[in-house]
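# Architecture at a glance
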Protein chains: 2
Amino acid sequence: MKLETRKEEIINTATKLFKEKGYSAVTMRDIAKAMGIKAASLYNHINSKQHILTDIIISLAEEFTNGMKTVLLTDVSNIEKLKLIVTLHVHITANNTYGMASLNNDWMHLEEQLDYYLELRDTYENNFRGILQEGIDNNEIINSNLEIMLFSMLSTLRSLYLWIPKKEDLNTTELSDNLSHILINGINK
Amino acid sequence: MKLETRKEEIINTATKLFKEKGYSAVTMRDIAKAMGIKAASLYNHINSKQHILTDIIISLAEEFTNGMKTVLLTDVSNIEKLKLIVTLHVHITANNTYGMASLNNDWMHLEEQLDYYLELRDTYENNFRGILQEGIDNNEIINSNLEIMLFSMLSTLRSLYLWIPKKEDLNTTELSDNLSHILINGINK
DNA sequence: AATTTTAACTAACAAGTGTTAGTTTATTGT
DNA sequence: ACAATAAACTAACACTTGTTAGTTAAAATT
């Protein structure tokens, strides 16, 4: 039972508020009020509002990068790799639904770390694309428009943060399995 | 060839900026600067920043509501209705990619019209859900988790605004057809 | 018991916010 | 040519923003 440092409490509080209203609409006074302290007190623990956002986004982006690295090293079919990616998204999102909102909607407000973030995102998408392309080449995946397939899957996975909190009754493995099936086999009977 | 009123120019300029940085991060001075005038001059044409956002979002939401109404009245299979919905999203999004960003990310900053927007969105989702449910009942659609199917399709359709601007080479009917196929039949060979 | 550290506080700052009031200038319709 | 309108302007407002400086009180360490 590890208890939160004060800095982590601030980041968690901010993350929740950022999800509800977006980074720009949340003030330091909002964050402080939610914690029952004054805005100036936050600066005993964090450097700036900007650093809070960076912390939220970069740590999540790195989780995805690491997850992708593992998937690429796993020796299974490309379809199985896609299932692993679905599981990766479900797990990371289930553990930090609030943070995923910032990752998706507020990355453009990063400053010094914006280029680094974009690099991680680009690499991630390219790896995803590569798996799909190999799947097509190996006759595992239909030879339809690669970019549309990529876009469709990524859109669904990136929107999980909006949806997981509303359906707490579904456990994560059940969700991963169901979602994999729908993304891979469609909904047609 | 109908030419834009000054008010429309302002709304269009604002819509573009809102997509790049989000509603809260865009100032009236930003909008004015992009038009080469002073912020105060905007108020000769619009009532408030808030009204710009409302205008963007509500008109789009009503377009979707009207489109759905037409789909529901069309006498085709439920799978065909889903294809019509895909086409609806592709067309509306292609005509207003910038506005779709506000619809997706800034609806929570609506004020007087927030409840109305939520009502439109709820009704839309329920109609979508109803088509899927009928499809399941008629053995057109697999009897998998309804909510996951709904979420997956809607997520993809709602993210179109991020993707359409990058792929201008693809025409809208081709995109609709491809996307329908992937959403309905999956990517599996 | 004395000292350092932690973490809150009050007060203030400079800059930026949406918006209003009043004015000026160019264009349009008579 | 004259009046009316459209659409820009300057100046200012009241308020909010992120952040800093300096202070205080309790808790932990010596």
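In short, a report on the structure. All figures in this text were calculated on a predicted structure; none of them were measured in a lab. (Residues numbered from 1 in each chain as written. Chains lettered and ligands numbered in written order. Predicted model: local features only at pLDDT ≥ 70, side-chain atom pairs only at ≥ 80, totals over all residues. Heavy atoms only, no water.)

Check the secondary structure of chain A and you find ten helices and zero strands. Written out in order from the N terminus, the α and β elements of chain A read α-α-α-α-α-α-α-α-α-α. Taking the principal axes of its C-alpha atoms as reference, chain A extends roughly 60 × 40 × 30 Å. Counting across all 189 residues of chain A, residues that qualify as buried make up 50%. Put simply, 67% of the contacts in chain A that link residues at least 6 apart link residues at least 24 apart. Accessible area of chain A: about 9400 Å², with a carbon and sulfur share of 48%. Each charge class in chain A can be summarised by its mean position, and for the 19 positive and 25 negative side chains these summaries are 9 Å apart. (Helix = DSSP H or I, 4+ residues; strand = E, 2+ residues; numbered from the N terminus. Buried < 20%, exposed > 50% of the residue type's maximum accessible area, 1.4 Å probe, protein only. Contact = heavy atoms within 4.5 Å. Areas by Shrake-Rupley, 256 points an atom, 1.4 Å probe, with all protein chains shown as cover. Lys, Arg positive; Asp, Glu negative; His and termini not counted. Charge placed at Lys NZ, Arg CZ, Asp CG, Glu CD.)

Moving on, we come to the protein's contact with DNA strand C. Around DNA strand C, the structure places 16 residues, and the nearest of them are Arg6(A), Lys38(A), Asn44(A), Thr27(B) and Tyr43(B). Counted by atom, the contact set of DNA strand C within 4 Å of the protein is 57% sugar and phosphate. In this structure, His45(A) approaches DNA strand C through a side-chain N or O atom, which is 2.7 Å from a phosphate oxygen. Lys49(B) is positioned with one of its backbone polar atoms (N or O) 2.9 Å from a phosphate oxygen of DNA strand C. (Near = heavy atom within 4 Å. Polar contact = N/O pair within 3.5 Å; in protein donor to acceptor, adjacent residues only side chain to side chain.)

Turning next to the pattern of salt bridges. Where charged atoms from two side chains of opposite charge approach closely, those side chains can pair. Residues and elements named next belong to chain A. Counted according to the given criterion, the structure contains ten salt bridges over all chains. Measuring nitrogen to oxygen at the nearest pair gives 3.6 Å for the salt bridge that ties Lys21 to Asp30. For Lys21, a relative accessible area of 35% puts it in the partly exposed group. According to the relative accessible area criterion, Asp30 is partly exposed, its value standing at 28%. A salt bridge links Glu147 to Arg129, with the nearest nitrogen and oxygen atoms 2.8 Å apart. Of this pair, Glu147 sits in helix α8 (residues 146-158) while Arg129 is found in helix α7 (residues 114-137), placing the two residues 18 residues apart along the sequence. (Salt bridge = Lys/Arg side-chain N within 4 Å of Asp/Glu carboxyl O.)

What follows concerns the nonpolar core. With 126 residues, the main nonpolar core has Ile31(A), Phe128(A), Leu132(A), Ile31(B), Ile52(B), Phe128(B) and Leu132(B) as its most contacted residues. Residue contacts for Phe128(A): discarding those within four places in its chain leaves Met68(A), Leu82(A), Ile85(A), Leu150(A), Met153(A), Leu154(A) and Leu157(A). (Core = buried A, V, L, I, M, F, W, Y, C linked by side-chain atoms within 4.5 Å.)

Turning next to the interface of chain A and chain B. With 41 residues of chain A at the contact, the number on the chain B side is 41 residues. Overall, the association of chain A and chain B removes approximately 3600 Å² of surface from exposure, summing both partners, and the carbon and sulfur fraction of that is 63%. The interface formed by chain A and chain B contains zero salt bridges. In this structure, the connection of chain A to chain B is made through 15 residue pairs in polar contact (both at pLDDT 80 or more). Secondary-structure elements contributing two or more residues to the side of chain A that touches chain B are α1 (6-21), α5 (78-95), α8, α9 (160-163) and α10 (172-185) of chain A. Considered class by class, the residues forming the side of chain A that touches chain B number 20 nonpolar, 15 polar and six charged. (Buried area = accessible area lost by both parts, 1.4 Å probe. Nonpolar A, V, L, I, M, F, W, Y, C, P; charged D, E, K, R; others polar.)

Another aspect to go through is the relation of the copies chain A and chain B. Overlaying chain A with chain B gives an RMSD of 0.0 Å, the required rotation being 180° about an axis along which the chain moves by 0.0 Å. Such a combination of turn and shift is consistent with a two-fold rotation axis. Rotation axis and chain A: the residue whose C-alpha lies nearest the axis is Gly186(A), separated from it by 1.8 Å. By residue overlap, the copies meet face to face through one surface: 100% of the interface positions of chain A are interface positions in chain B. (Least-squares fit on C-alpha atoms with pLDDT ≥ 70 in both.)

Turning our attention to the protein's contact with DNA strand D. Around DNA strand D, the structure places 16 residues, and the nearest of them are Thr27(A), Tyr43(A), Arg6(B), Lys38(B) and Asn44(B). Residue Arg6(B) places a side-chain N or O atom 2.5 Å away from a phosphate oxygen belonging to DNA strand D. Among the secondary structure elements, those contributing two or more residues to the surface near DNA strand D are α2 (28-35) of chain A together with α3 (39-42) of chain B. Counted by class, the surface near DNA strand D contains six nonpolar, five polar and five charged residues.

Even without being glycine, Asn139(A) reaches a positive phi, approximately 60°. Along the chain, Asn139(A) falls in the loop between α7 and α8.

Residues and elements named next belong to chain B. Under the 1.5 Å per step criterion, the end-to-end length of helix α7 (residues 114-137) is 34 Å for 24 residues, consistent within 8% with the ideal 34 Å. Lining the buried residues of α7 we find α4 (49-73), α5 (78-95), α6 (97-105) and α8 (146-158). Backbone geometry just after α7 places Asn139 at a positive phi near 60°. (Expected span 1.5 Å × (residues − 1).)

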